[in-house]
Amino acid sequence: MKGITPAVLVAALFFNSCATTSKTAKTKTNKMTATQESKQSENPLMRKSSLQFEAPEFDKIKTEHFRPAFDFGLKQHNLEIQSIADNPQPATFANTLEALEKSGEVLKRAQIIFGNLTSADTNPELQALEEEYASIFAAHNDKIYLNENLYKRIKSISPQGLDAESKRLLEVYLQNFEIAGAGLSTEAKEELKNINQELATLSTQFDSKLLEARKNGALLISDVKELDGLSQDQISAAANAAKKAGHQGYLLSLQNTTQQPLLSSLNNRKTREKLFKASWLRAEKGDSADTREVVEKLAALRLKKANLLGKKSFAEWKLQDQMAKTPAAATQLMKQIAKPAVEAAKKEQAEIQKLIDAEKGGFKIEVWDWNFYAEKVRKAKFDLDESETKPYFEIFTVLEKGVFYAANKFYGISFKKRTDLPVYHPDVVVYEVFDTDGSSLALYYLDFYTRESKRGGAWMNNFVEQSYLLGTKPVITNCYNYAKPANGKPSLISFDEVETIFHEFGHAIHGIFATQKYPSLSGTNVPRDFVEFPSQINEHFALVPEVLKNYAIHYETKQPIPQALVDKILKARTFNQGYATTELVSAAMTDMAWHTVTSEQELKPTLEFEKSTLLSNGFTLQAVPPRYHTPYFAHIWGGGYSAGYYAYLWSEVMDLDAWEWIKQHGLLTRENGDRFRKYILSVGNSMDLNEAYRNFAERDPDIKPLLRSRGFIK
């Protein structure tokens with residue numbers, strides 16, 4: 001899963017060259033510039049980094065630098081926007097759109113670095129700043145998109161004579177302004193500004209509460225016997241976590257998903273129940289970390305915003321510029337997948353119950369039993385034990401001999417570890433990425449391990465976006481939340497976690513291969529239901545025989561994974577897919593339900609709303625919960641996936657159809673890699689992405705490969 005920083009109307013200084021000033025005014029301007037230059041020299045956020053590709057100077061950036069950078073950047077950007085909007089010269093592409101693309105350099109730099117730190121390594125001071133400036137940034141964004149003069153200038157620009165990417169930029173700007181409410185009356189704009197500021201504040205509050213809930217929800221175990229089934233390394237890590245938090249015993253930290261990885265290993269049923277409930281109930285305890293009131297306010301305000309903008313629901317407003325276009329199209333896809341997924345999950349549940357009964361368990365399966373017994377069924381059915389595979393998946397071997405190796409074979413690129421660049425946390429590592437001709441393409445930062453200062457999940461973001469207009473190359477980060485091993489121990493992960501590394505690198509390579517002139521169209525600045533396509537297709541490389549044999553190396557014996565074990569992994573690919581798909585699509589349907597309400601009367605208390613939504617859509621299996629429970633569904637309340645969680649499924653249809661094409665044309669060949677790079681990874685949002693897909697695959701995507709891959713059809 002991934003969080004992507006959206007394109008912002010920010011970059012370098014622009015002033016009207018036709019303006020005239022008096023001698024006194026010129027003197028004041030010069031003094032002001034000298035002051036600005038002094039501030040910029042002292043604050044690393046207010047000037048371009050001297051590091052390669054303008055990589056952040058983390059050794060110099062301090063928390064206290066953000067406030068002055070924000071204030072200065074906002075003031076500077078306001079002047080630039082005013083100058084563009086009030087320019088007495090007729091609007092042209094250069095003096096309006098290119099000027100907008102170049103504006104707000106300081107603000108954008110500060111916001112991007114700040115956003116990454118508040119996600120990956122926050123602190124109370126950063127959290128307070130985040131909440132304070134959320135409404136300020138929302139108001140600033142409105143000042144741009146609701147600026148009538150600016151909107152009129154953009155509308156007056158003729159597309160004649162523009163190249164294809166410039167025409168696309170004009171089209172995107174017009175659409176963004178109109179979606180944002182540029183055509184509203186003055187009174188309606190003021191109301192919209194207030195709503196947007198409140199929404200920004202509430203989303204920030206949700207993030208802060210969820211971080212607190214995740215921290216407070218960690219399960220403290222006093223008796224090591226309750227951890228029967230965990231490895232000694234896992235127990236040591238839990239002991240270290242407890243000690244670090246000031247407790248005695250063993251602390252099991254929570255990941256952001258509903259199910260927790262340790263549930264598949266814990267033999268003690270009561271411990272499993274306690275861990276599941278700690279996860280499920282984390283943000284609904286009636287304390288300061290309870291998110292339900294914030295969720296309900298967000299849902300109601302989003303509906304109000306959509307109505308103000310002339311739409312029946314928030315989803316109808318939100319999907320205008322997505323590939324799906326309408327909530328109905330997205331819902332139709334989800335329903336096509338939901339029915340066979342639930343039917344498959346019912347069969348899987350019966351199989352698990354049969355095993356429980358055979359062991360004389362004396363109970364009906366509960367939600368906290370599923371992963372534990374599913375793992376037993378997997379062992380019995382496929383003779384596949386996760387503890388047998390993990391020793392072959394050491395995290396850095398997976399990265400360098402798996403992810404990087406596949407990228408080299410398919411795209412011809414190479415990687416070199418850098419130890420000379422400053423990082424924001426000691427766990428972070430950096431690589432330089434080189435193109436086929438040996439030229440330097442990008443810098444790539446990785447942050448593998450979980451900590452209390454990091455939000456849950458895995459994601460990709462840019463520190464610097466690629467743009468020929470700005471002369472910038474991509475500086476990209478991937479963040480994860482894997483358990484950090486005890487000192488001196490290897491970092492061994494499951495195959496699911498292996499696929500997550502390949503997935504997030506798919507987002508990274510999408511940014512690395514960006515070739516756009518304009519930053520707003522660059523790299524991953526694409527619709528949500530397209531952005532997961534490159535990441536999901538990259539997961540397939542994890543099981544390409546040549547790649548798997550190269551990275552699946554036993555950390556002790558240094559022997560490659562035996563073919564017999566590979567065969568077990570391959571045979572088990574469709575195992576538990578009913579469960580996995582049901583938890584995904586039920587979360588997506590819950591998201592869509594929250595955002596397709598057309599009146600406040602349809603909104604109910606959080607838990608009641610979710611329950612009725614699941615039942616009405618056929619999700620009746622109590623042992624199969626949604627991947628994200630509404631109170632901690634960070635994608636849709638704190639992130640950018642509101643009314644958009646279906647995007648994973650939409651993208652997966654393209655992913656599996658495209659993978660069929662790649663297999664039919666020789667699999668891991670440079671020709672295939674060059675084609676995928678040219679038609680998918682390098683186009684950004686510079687063209688219609690349905691057309692981009694057709695250019696690559698020479699057909700529209702078909703849902704059958706997805707259903708086949710999950711074992712729902714033959």
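Residues numbered from 1 in each chain as written. Predicted model: local features only at pLDDT ≥ 70, side-chain atom pairs only at ≥ 80, totals over all residues. Heavy atoms only, no water.

Draft legend 1. Geometry of the environment of Glu-583. Among the structural elements, Glu-583 can be located in helix α21 (residues 577-596). Residue Glu-583 is classed as buried on the basis of its relative accessible area, which comes to 11%. For the pair formed by Glu-583 and Glu-652, sequence separation is 69 residues and the distance between their alpha carbons is 15 Å. Apart from the residues lying within four places of it in its own chain, the contact partners of Glu-583 are Val-624, Pro-625, Pro-626 and Arg-627. (Helix = DSSP H or I, 4+ residues; strand = E, 2+ residues; numbered from the N terminus. Buried < 20%, exposed > 50% of the residue type's maximum accessible area, 1.4 Å probe, protein only. Contact = heavy atoms within 4.5 Å.)

Draft legend 2. Examining the environment of Ile-113 more closely. Its location among the elements puts Ile-113 in helix α4 (residues 105-120). Judged by relative accessible area, Ile-113 falls into the buried class, the value being 4%. In sequence terms Ile-113 and Glu-366 are 253 residues apart; their C-alpha atoms lie 43 Å from each other. Residues within four places of Ile-113 in sequence aside, it is in contact with Leu-45, Pro-56, Phe-58, Ile-61 and Phe-66.

Draft legend 3. Representation of the sheet that holds strand β5 (residues 440-449) in the model. Taking strand neighbours across the sheet as the criterion, the five strands line up as β3-β4-β5-β7-β6 in an open arrangement whose pairing is mixed. If you trace the sheet from one side to the other, it starts and ends with β3 (414-418) and β6 (459-464), each paired once. The average angle at which neighbouring strand axes cross in this sheet is 25 degrees, direction not considered. Where β3 lies against strand β4 (residues 429-434), five bridges are found, and the strand directions are antiparallel. Paired with Ser-414 across the strands is Phe-434, a residue of β4. Lying over the sheet, α4 contacts β5, β6 and β7 (475-482), oriented at roughly 150 degrees with respect to β6. (Pairing = 2+ DSSP bridges. Axes fitted to C-alpha atoms, helices over the stretch in contact; angles between N-to-C directions.)

Draft legend 4. Local environment of the confidence of the model for the chain. Per-residue pLDDT for the chain averages 92, and the proportion of residues at 70 or more is 94%. The low-confidence segment residues 1-32 (pLDDT under 50) makes 79 contacts with residues lying over four places distant or belonging to another chain. (pLDDT = per-residue confidence, 0-100.)

Draft legend 5. Highlighting the side chain of Asn-196. By the secondary structure assignment, Asn-196 is in helix α8 (residues 186-216). Judged by relative accessible area, which is 11%, Asn-196 ranks as buried. Those residues in contact with Asn-196 that lie beyond four places of it in its chain are Ala-138, Asp-142 and Lys-305.

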